[in-house]
Amino acid sequence: QVQLVESGGRSVPPGASLKLSCVVSGGTFTDYVMGWVRQAPGKARELVASIIWSGDNTFVKRSLRDRFTISRDNDKNMVFLQMNGLKPEDTAVYYCAVYSRDVRICPKVVSDYDYWGRGTQVTVSP
């Protein structure tokens, strides 16, 4: 019954910034670790970032740590991904995902996440 709806994806030039949002309904939001996963054309899904129930601990893929930030607002059942200095290789469908088994852990394996949104397209090109 958990539903996730992403928004904020669009086509932007290199160097631009975007902030993606995800609204979660169903269950108890603070029982969930939240993640952002992306899938580039022809490639497998990869974890971008995750954040524990309280927001105190986060994970961001090493190669993205200087540009991407994950955050959450538990009063609004929302999670965000701030992306700065976007590059063409960031082009992908970005998915919001839920991990519901241990709220203190940021899983690194994509298959560990339990629920998924439909995704929002981010395209970076001149």
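These lines cover the structure that appears in this document, whether it is placed above or below. Since we're looking at a predicted model, the values are computed, not measured. (Residues numbered from 1 in each chain as written. Predicted model: local features only at pLDDT ≥ 70, side-chain atom pairs only at ≥ 80, totals over all residues. Heavy atoms only, no water.)

Points about the overall build of the chain
Working step 1: A tally of helices and strands in the chain yields zero helices and 11 strands.
Working step 2: Its helices and strands taken in sequence order, the chain reads β-β-β-β-β-β-β-β-β-β-β from the N to the C terminus.
Working step 3: A globule of 126 residues ought to have a C-alpha radius of gyration of about 14 Å, and the chain, at 13 Å, matches this closely.
Working step 4: The proportion of buried residues among the 126 residues of the chain is 44%.
Working step 5: Looking at the chain as shown, the accessible area adds up to about 6,500 Å², and 46% of this sits on carbon and sulfur atoms. (Helix = DSSP H or I, 4+ residues; strand = E, 2+ residues; numbered from the N terminus. Rg over C-alpha atoms; globule rule 2.2 N^0.38 Å. Buried < 20%, exposed > 50% of the residue type's maximum accessible area, 1.4 Å probe, protein only. Areas by Shrake-Rupley, 256 points an atom, 1.4 Å probe, with all protein chains shown as cover.)

Description of the pairing of strand β7 (residues 68–73)
If a strand is regular, its side chains alternate between the two faces of the sheet.
Working step 1: Side chains F68, I70 and R72 of β7 all project onto a buried face; the interleaved residues T69, S71 and D73 project onto a face where none is buried.
Working step 2: Here six bridges tie β7 to strand β8 (residues 78–83), and the two strands are oriented antiparallel to one another. Note on β8: the bridge partner recorded for T69 is Q82.
Working step 3: A loop of four residues connects β7 with β8, the two strands running antiparallel in sequence, and N77 in this loop sits at a positive phi of about 55 degrees. (Pairing = 2+ DSSP bridges.)

Overview of the pairing of strand β11 (residues 120–124)
Working step 1: Going residue by residue along β11, you find T120, V122 and V124 tucked away on one face and Q121 and T123 left uncovered on the opposite face.
Working step 2: Bridge count for strand β2 (residues 11–12) against β11 is two bridges, and the pairing is parallel. Following the sheet pairing, V12 is matched in β11 by V124.
Working step 3: Across three bridges, strand β9 (residues 92–99) lies against β11 in antiparallel orientation. Its bridge partner being in β11, V93 is matched across the sheet by Q121.

Overview of the side chain of D102
Working step 1: If you trace the backbone, D102 turns up in the loop between β9 and β10 (115–116).
Working step 2: By relative accessible area, D102 is classed as buried at 19%.
Working step 3: In this structure the side chain of D102 is engaged in a polar contact, spanning 3.0 Å, whose partner is the backbone nitrogen of R104. (Polar contact = N/O pair within 3.5 Å; in protein donor to acceptor, adjacent residues only side chain to side chain.)

Section: the state of the cysteines
Working step 1: Under the defined criterion, the tally for this structure stands at one disulfide.
Working step 2: Here C22 connects covalently by a disulfide to C96, the sulfurs 2.2 Å from one another. The S-S bond linking C22 to C96 shows a torsion near -85 degrees; that makes this disulfide left-handed. In this pair, C22 sits in strand β3 (residues 18–25) while C96 sits in strand β9, placing the two residues 74 residues apart along the sequence. The same class applies to C22 and to C96, which are both buried.
Working step 3: C106 carries a free sulfur, and the closest cysteine sulfur to it, the one in C96, is 13 Å from it. (Disulfide = S-S within 2.5 Å.)

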